[in-house]
Amino acid sequence: MADNSSTAQRPVSGFLLALTTVMMWGALPIAVSQVLKGMNVQTIVWYRFCTAMLGLGLFLLIKRGFPSLRHLHLRYWWFLVLGILGLAGNFYLFNATLQYIPPTTSQILSPVTAFLMLLAGVFIFKERLMITQKIGLGLLILGLALFFNEHWQDFLALNLYFKGVMLGLCASLVWVTYGIAQKFLLTKFKAQQILLLIYTGCFVIFTPTAEPNQIHQLTIFELGCLIFCCANTLIGYGCYAEALNRWDVAKVSAVTTQIPIFTMIFSTLLAWWFPQTFHIENLNWISYLGALVVVCGALVSAIGHKFILLNVQQNKQ
């Protein structure tokens, strides 16, 4: 990542790249839910990893930045395997989640990933849990309780809605495995090189179970959604990485906490414009309040300490 002096010179482009990431990831579950009408989960994931592998591979080939695995210590091979299994599991579980719950609900669970990674940092990397992060965690739990206020019977009945929520939580949990592995691998490879290795491994994992011919069963609209899903992986992760190079990490993190809000906005607009194809989730005002609290919790956790440090510096002056 570039230093702060470099990133401070490009805040506008950094913000626009972070915003592009949020918009891409916010729209992703809406598109996936449409593709699921004509294609199974493992095939969707296979197409996404295939596109990401080829696209990033071509980019690194042009840049002559292919990773070298020669003389790689066995320890890092294990981290690479963990990263592959973690991201493969996350993609599969996230896509499977959308068979049971609406896109908005799937994305309201996304901040759970950040908090699980935060806890992993405390226990594995001995990082300190700051007071703002504790407050953020409390707000997350409160917000989720409010958001699901109309679904406690579903949880008690252990029905398909409950299954979808559990799959979403499991997707967040296994992503942490990928995140931890990537942190160790960054000592040996660049971020884009790690992604290429992991995309390739995930592509290999899903190849035996994928049914590429299912693409012929898709309508033109569903095919367009699949193309968007495939491009989403490259564009979303690419813009996110470049945003970190141009802007402060905390500010990028603050923007990405808004993903659930963008999913709600996109879902509402599409339901208004194309009611025959898209359907808005029926939420009461308590659920909307819960979604706002979840986002606020993620925001406080991401940048709350920045405000504390700023106030301390101002008081000293």
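Residues numbered from 1 in each chain as written. Predicted model: local features only at pLDDT ≥ 70, side-chain atom pairs only at ≥ 80, totals over all residues. Heavy atoms only, no water.

Colleague: In this structure, what is going on with the overall build of the chain? I would like to understand it.
Modeller: Secondary structure summary: the chain contains 14 helices and zero strands in total. In sequence order, the chain lays out its α and β elements as α-α-α-α-α-α-α-α-α-α-α-α-α-α. At 20 Å, the chain has a C-alpha radius of gyration in line with the 20 Å of a compact globule built from 317 residues. Summarising its shape, the C-alpha atoms of the chain cover approximately 60 × 55 × 35 Å along the three principal directions. Within the chain, the proportion of its 317 residues that are buried is 49%. Considering only contacts in the chain between residues 6 or more positions apart, those separated by 24 or more positions represent 88%. (Helix = DSSP H or I, 4+ residues; strand = E, 2+ residues; numbered from the N terminus. Rg over C-alpha atoms; globule rule 2.2 N^0.38 Å. Buried < 20%, exposed > 50% of the residue type's maximum accessible area, 1.4 Å probe, protein only. Contact = heavy atoms within 4.5 Å.)

Colleague: Please clarify how a nonpolar patch on the surface should be interpreted in this entry.
Modeller: Residues Leu 74, Trp 77, Trp 78, Val 81, Leu 85 and Ile 205 make up a contiguous nonpolar surface patch of about 610 Å² in total accessible area. Sort the elements by how many residues they give to the nonpolar patch and helix α4 (residues 74-97) lands first, with five residues. By relative accessible area, which is 36% here, Trp 77 ends up partly exposed. (Patch = residues over 30% accessible without salt bridge, like charges linked within 9 Å, V, L, I, M, F, W, Y side chains within 5 Å. Areas by Shrake-Rupley, 256 points an atom, 1.4 Å probe, with all protein chains shown as cover. Salt bridge = Lys/Arg side-chain N within 4 Å of Asp/Glu carboxyl O.)

Colleague: Help me understand helix α7 (residues 131-147) in this model?
Modeller: Given a rise of 1.5 Å per residue, 17 residues ought to cover 24 Å, and the 24 Å separating the end C-alpha atoms of α7 matches this to within 8%. Buried within α7 we find Thr 132, Gln 133, Gly 136, Leu 140, Gly 143, Leu 144 and Phe 147. On an axial view of α7, the arc spanned by its buried residues comes to 110°, and they lie on one face. Structural note: α7 exposes Ile 131 and Ile 141 on the side pointing more than 90 degrees away from its buried face. (Expected span 1.5 Å × (residues − 1). Arc of directions from axis to C-beta.)

Colleague: For this particular structure, what's the right way to read the side chain of His 151?
Modeller: Inspection of the secondary structure puts His 151 in the loop between α7 and α8 (152-157). Among the polar contacts listed, one links the side chain of His 151 to the side chain of Asp 154, at a separation of 2.7 Å. Separated by 3.5 Å, the side chains of His 151 and Tyr 161 make a polar contact. (Polar contact = N/O pair within 3.5 Å; in protein donor to acceptor, adjacent residues only side chain to side chain.)

Colleague: Teacher, can you tell me more about the environment of Gly 236 here?
Modeller: Tracing the sequence through the fold places Gly 236 in helix α11 (residues 220-246). Sequence separation between Gly 236 and Thr 21 is 215 residues; the distance between their C-alpha atoms is 4.7 Å. Those residues in contact with Gly 236, other than ones at most four positions away along the chain, are Thr 21, Met 24 and Trp 25.

Colleague: What exactly am I supposed to notice about the nonpolar core here?
Modeller: Within soluble globular proteins, side chains that are nonpolar tend to cluster in buried spots. In terms of nonpolar packing, the biggest core is built from 62 residues, with Phe 49, Leu 87, Ile 198, Tyr 199 and Leu 226 touching the most fellow members. Only α2 (11-35), α3 (41-63), α4, α9 (160-185), α10 (191-206), α11 and α12 (249-256) provide two or more residues apiece to this core. At eleven residues, the largest contribution of residues to this core is made by α3. Judged by nonpolar contacts, the second largest core, of 17 residues, contains Ile 101, Val 112, Val 165 and Met 264. (Core = buried A, V, L, I, M, F, W, Y, C linked by side-chain atoms within 4.5 Å.)

Colleague: How do you make sense of the environment of Tyr 237 when you look at a structure like this?
Modeller: By the secondary structure assignment, Tyr 237 is in helix α11. Along the primary structure Tyr 237 and Ala 18 are separated by 219 residues, whereas in three dimensions their C-alpha atoms are 10.0 Å apart. With sequence-adjacent residues up to four places away left out, Tyr 237 is seen in contact with Trp 25, Leu 87, Phe 91, Trp 175, Tyr 199 and Asn 232.

Colleague: When you look at the packing of aromatic side chains in this model, what are you seeing that I'm missing?
Modeller: Think of a pair of aromatic rings as described by two things: how far the centres are apart, and how the planes are tilted against each other in angle. Considering all chains together, one arrives at 20 aromatic pairs under this definition. For the ring pair Phe 221 and Phe 278, a centre distance of 5.9 Å and an interplane angle of 80° mean the geometry is edge-to-face. Linking Phe 221 in helix α11 with Phe 278 in the loop between α13 (259-273) and α14 (285-316), this pair joins segments that are 57 residues apart in sequence. Classification of Phe 278 as buried rests on a relative accessible area of 11%. (Phe/Tyr/Trp six-rings, centres within 6.5 Å; stacked < 30°, edge-to-face > 60°.)

Colleague: Just checking my understanding: could you explain unusual backbone geometry for this structure?
Modeller: With glycine set apart, most residues show a phi of negative sign, and most peptide bonds adopt trans. In this structure, Arg 64 is a non-glycine residue whose phi angle is positive, near 55°. The residue Arg 64 is located in the loop between α3 and α4 in this model. Positive phi values are uncommon outside glycine, yet Leu 158 reaches one of about 55°. Leu 158 gets classed as exposed once you look at its relative accessible area, which sits at 58%.

Colleague: Before we go on, may I ask you to explain the state of the cysteines in this structure?
Modeller: Note on terminology: a disulfide is the covalent bond linking the sulfur atoms of two cysteines. All chains considered together, the criterion is met by zero disulfides. Unpaired in this structure, Cys 225 has its nearest cysteine sulfur neighbour in Cys 229, at a distance of 6.7 Å. Of the residues examined, Cys 225 reaches a relative accessible area of 9% and is grouped as buried. (Disulfide = S-S within 2.5 Å.)

Colleague: Looking at this structure, I do not really get the packing of α3 against α10. What am I missing?
Modeller: It is at 8 Å that the axes of α3 and α10 come closest, and there the two elements cross at 145°. Once α3 is placed against α10, the crossing between them reads as left-handed. Residues Gln 42, Val 45, Trp 46, Phe 49, Cys 50, Ala 52, Met 53, Leu 56, Gly 57, Phe 59 and Leu 60 of α3 pack against Gln 192, Gln 193, Leu 195, Leu 196, Tyr 199, Thr 200, Cys 202, Phe 203 and Phe 206 of α10. (Axes fitted to C-alpha atoms, helices over the stretch in contact; angles between N-to-C directions. Left-handed = near helix turned anticlockwise from the far one by under 90°.)

Colleague: Explain the confidence of the model for the chain to me, please; I cannot follow it from the model alone.
Modeller: Close reading of the predicted structure is inappropriate where its pLDDT is low. In this model, the chain carries an average pLDDT of 86, and 92% of its residues clear a pLDDT of 70 or more. Contacts for the low-pLDDT stretch residues 1-9, under 50 throughout, to residues beyond four places or in other chains number twelve contacts. Low pLDDT, under 50, characterises residues 309-317; the stretch is placed with zero contacts to residues that sit more than four places away or in other chains. (pLDDT = per-residue confidence, 0-100.)

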